[in-house]
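Single-letter residue listing:
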Amino acid sequence: MAIAHISAGDWETLGAAASEIRRRVFIEEQNVPQEEEWDGLDSECQHFLAMLDDQPVGTARLLPDAHIGRVAVLKEARGTGIGVLLMRAAIEAARHAGHPEVTLSAQVHALAFYEQLGFVAHGEEFMDAGIPHREMTLSLD
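This write-up is about the structure you can find in this document. The structure displayed is predicted, hence computed values, not measured ones.

Remarks on the environment of Arg70
Then, in step 1: Structurally, Arg70 can be placed in strand β4 (residues 67-73).
Then, in step 2: For the pair formed by Arg70 and Cys45, sequence separation is 25 residues and the distance between their alpha carbons is 11 Å.
Then, in step 3: If sequence neighbours within four positions are ignored, Arg70 has contacts with Arg22, Phe26, Glu36, Glu37, Asp39, Thr59, Ala60 and Arg61.

This is the structure we're talking about:
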């Protein structure tokens, strides 16, 4: 049985592993342009790193405005529950910080994943880095 663990920290602490995961998932797999992936906001965020059997396999970040982003799980670890663990960690961090809600911009193919966590989609579909997205919100009340 694989053992999963989520670490929370700043970019200085988790950035090397998180950036490798994001490079593989977003830049290589999804063809997101590097200049869009590296938006300069990482130093302001709280980061989450998922480890599976001591290997980094997933990441997410929480911006100061309670926007969750850059949720990425390596292909070989998808379907293991890592994404749910990452999201729960980010949601709890936002709750702990006193935010009334969290928001995210979901890739349309992942809407059902976020809906199972209680997020509600709103607004029109829009393109980001060539990928269709929708805004989603989760109330923390």
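Here we look at the pairing of strand β7 (residues 131-139)
Then, in step 1: With seven bridges connecting them, strand β5 (residues 101-107) and β7 associate as antiparallel partners. Counterpart to Val102 in the pairing with β7 is Leu138.
Then, in step 2: Summarising the sheet, strand β6 (residues 120-128) and β7 pair through six bridges and their orientation is antiparallel. Note that in β7 the partner of Ala121 across the bridge is Met136.
Then, in step 3: Hairpin connection between β6 and β7: a loop of two residues separates the two successive antiparallel strands, and Ala129 in this loop has a positive phi of roughly 55°.

A few points about the nonpolar core
A general tendency of soluble globular proteins is for nonpolar side chains to be buried together.
Then, in step 1: Ranked by internal contacts, the top residues of the largest apolar core, which has 31 residues, are Ile68, Met87, Val102, Tyr114 and Phe119.
Then, in step 2: For this core, the secondary-structure elements that each account for two or more residues are β2 (46-52), β3 (55-62), β4, α3 (82-96), β5, α4 (111-115) and β7.
Then, in step 3: Here this core takes eight residues from α3, the largest share from any one element.
Then, in step 4: Look past the residues within four positions of Met87 in its chain and what remains in contact with it is Ile68, Val71, Leu104, Phe113, Tyr114, Leu117 and Phe119.

Criteria and cut-off values
Residues numbered from 1 in each chain as written. Predicted model: local features only at pLDDT ≥ 70, side-chain atom pairs only at ≥ 80, totals over all residues. Heavy atoms only, no water. Helix = DSSP H or I, 4+ residues; strand = E, 2+ residues; numbered from the N terminus. Contact = heavy atoms within 4.5 Å. Pairing = 2+ DSSP bridges. Core = buried A, V, L, I, M, F, W, Y, C linked by side-chain atoms within 4.5 Å. Buried < 20%, exposed > 50% of the residue type's maximum accessible area, 1.4 Å probe, protein only.

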